[in-house]
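Descriptive analysis of the structure
Listed here are the chains, written in short residue letters.
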Amino acid sequence: MASETDAPLIVLGIETSCDETAAALVRRDADGRGEILSNVVRTQIDLHAAYGGVVPEIAARAHIDLLDAAIRQAIADANLDFGAVDGVAAAAGPGLIGGLIVGVTTAKSMALGLTKPFMAVNHLEAHALSAGLTDGLGFPFLLLLVSGGHTQLLIVKDVGAFERLGTTLDDALGEAFDKAAKMLGLGYPGGPEVEAHAKHGSANIKLPRPMKGRPEPHFSLAGLKTALRHAAKAREPLSDQDVADLCASFQEAVADVVSDRTARAMEIYTERLGPGAQRALVVAGGVAANQRLKAALEQVARENGFRLVVPPPELCTDNAAIIAWAGAERLARRLTDDLSAPARARWPLDPDAPPALGAGVKA
Ligand code: KG4
Ligand code: ZN
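The structure reproduced in this document is the subject of the present report. (Residues numbered from 1 in each chain as written. Chains lettered and ligands numbered in written order. Predicted model: local features only at pLDDT ≥ 70, side-chain atom pairs only at ≥ 80, totals over all residues. Heavy atoms only, no water.)

Before going further, it helps to examine the nonpolar core. Within the largest apolar cluster, 49 residues are counted, with the highest numbers of intra-cluster contacts made by Leu142, Leu144, Leu173, Leu207, Phe250, Val258 and Leu281. Of all the elements, helix α8 (residues 240–273) adds the most residues to this core, at 14 residues. Not counting chain neighbours up to four residues away, the residues in contact with valine 258 comprise Leu144, Leu173, Phe219, Leu293 and Leu297. Of all hydrophobic cores here, the second largest spans 25 residues; its members include Ala23, Ile71, Ile75 and Ala90. (Core = buried A, V, L, I, M, F, W, Y, C linked by side-chain atoms within 4.5 Å. Buried < 20%, exposed > 50% of the residue type's maximum accessible area, 1.4 Å probe, protein only. Helix = DSSP H or I, 4+ residues; strand = E, 2+ residues; numbered from the N terminus. Contact = heavy atoms within 4.5 Å.)

Let us now look at the sheet that holds strand β1 (residues 9–15). Here 5 strands make up an open sheet; going across it, the order is β3-β2-β1-β4-β5 and the pairing mixed. Every interior strand has two partners, whereas the edge strands, β3 (34–43) and β5 (118–122), have only one. The sheet shows a mean angle of 20° between the axes of neighbouring strands, direction not considered. Set on the sheet, helix α4 (residues 123–135) makes contact with β1, β2 (20–28), β3, β4 (87–93) and β5; between it and β5 the angle comes to about 95°. Of the strands in this sheet, β1, β2, β3, β4 and β5 are in contact with helix α11 (residues 321–332), which crosses β1 at around 135°. (Pairing = 2+ DSSP bridges. Axes fitted to C-alpha atoms, helices over the stretch in contact; angles between N-to-C directions.)

Right, let's get into the layout of surface pockets. It is a probe the size of a water molecule, rolled over the atoms, that shows where empty space is left. Counted as a void, the largest pocket has a volume near 1400 Å³. Around the largest pocket, the lining comprises 46 residues; the ones closest to its centre are Cys18, Ser147, Gly148, Gly149 and Asp178. Elements supplying a minimum of two residues to the lining of the largest pocket: α4, α5 (173–183) and α6 (190–198). Counting residues per element, the lining of the largest pocket draws most heavily on α5, at 6 residues. Looking at the lining of the largest pocket, you find at least three residues from each of domain 1 (9–131 + 314–332) and domain 2 (140–312). (1 Å grid on protein atoms, 1.4 Å probe; cavity = no way out; pocket = protein on both sides within 12 Å on 5 of 7 lines; lining within 4 Å. Points joined across faces, edges and corners; volume = space filled by probe spheres on them. Domains from an automatic or database assignment.)

So, on to the site of ligand 1. Taken together, 21 residues are adjacent to ligand 1, and Gly148, Asp178, Gly191, Glu195 and Gly286 come closest. Between ligand 1 and the protein, one listed contact pairs an oxygen atom with a side-chain N or O atom of aspartate 178 at 2.6 Å. Between ligand 1 and the protein, one listed contact pairs a nitrogen atom with a side-chain N or O atom of glutamate 195 at 2.7 Å. In the complex, 88% of the free accessible area of ligand 1, which totals 550 Å², lies under the protein chains. Here ligand 1 occupies the largest pocket. At 4 residues, the largest contribution of residues to the shell around ligand 1 is made by α6. (Near = heavy atom within 4 Å. Polar contact = N/O pair within 3.5 Å; in protein donor to acceptor, adjacent residues only side chain to side chain. Areas by Shrake-Rupley, 256 points an atom, 1.4 Å probe, with all protein chains shown as cover. Sits in = over half its atoms within 2 Å of the grid points.)

A few words on helix α2 (residues 56–77). Taking 1.5 Å of rise per residue, the 22 residues of α2 would be expected to cover 32 Å, and the 29 Å separating its terminal C-alpha atoms lies within 8% of that figure. Most pronounced at leucine 66, the bend in α2 amounts to some 40°. Within the sequence span of α2, burial applies to Ala59, Ala60, Ala62, His63, Leu67, Ala70, Ile71, Ala74 and Ile75. On its buried face, α2 is in contact with β1, β2, β3, α1 (45–49) and α3 (97–114). (Expected span 1.5 Å × (residues − 1). Bend = angle between axes of the 7 residues up to and from the residue.)

Next comes the structure, spelled out in structure tokens:
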């Protein structure tokens, strides 16, 4: 992708949209290649674990306590001083508004103090663009975004240019994993717990495959969650083996549905962009760390002639390196924001996408 600058850019990124307080420095060279100079993540998981999910007010207060030190650490780890920073980026949405305001206000103050540009980064765009940082992937590509708050299939045409093909009508995929874990008495966050227990189980419990075979590549996970609850109830009291089998069966149902929906999105992608378009599938967001899902997607990609790009797990879960990188991609194209840019709890990547029938607020 041609860039409008020919000097390397160093961008400080700040991430406070959920329960990770993070700061990072990334360099973007004139040829469009990126390098992570530092990547500091202070997780708040311990603060929220007792509640089985993220408590917004606790998260916002913790961001205030942790962010300054995380930024100082990011500068120190990169062996730089603040004068080396060419721009400051913050995740400005979507996410928990209290936390977002902490990050955005900090980034704006720093940009003002350093007299450098500010970039209000869409957290989902940061996940989307992460494959450019890790694999030098150019546009266009198909994106499967699967996190605690979002489940979407999108065509990524360029920075800031998305076409949404599918979304979830109810729960996000990570949320479904978290609820399944809670239901089975496992810890938070639930995805890694479900995956670990599934390793000792067999997928021998019949669960539904919601939306499988539908022409539009949407998702629905609420029915699967309810079916899991019934299956668990029928087996109470649950032995360790029951829990393992329920986890394996749930994970298998998810892998099956995601494979089917992604294969459908690949067909639409090729119809829309033509057979000459780059065929690459990027999987991003916390759930991309799931190895069973990754194996299923490897097969779908192989069958449909797509290259699969999954950034490493530490860049799939929330971090500031991807925010800094999205900020650098924007800065290189002079897509900077003024200091009135707001933090936004909701911020869809494709605001023009037709509403998905039955979709809730997460669509
Ligand atoms: O992208 P992320 O770190 O935060 C959000 O922006 O939501 O994603 C967190 C989500 C959680 O729901 C977590 O349970 C899920 O990703 N997750 C996994 C795995 N690791 C994290 N889900 C399934 N399998 C995993 N190994
Ligand atoms: Zn995320």
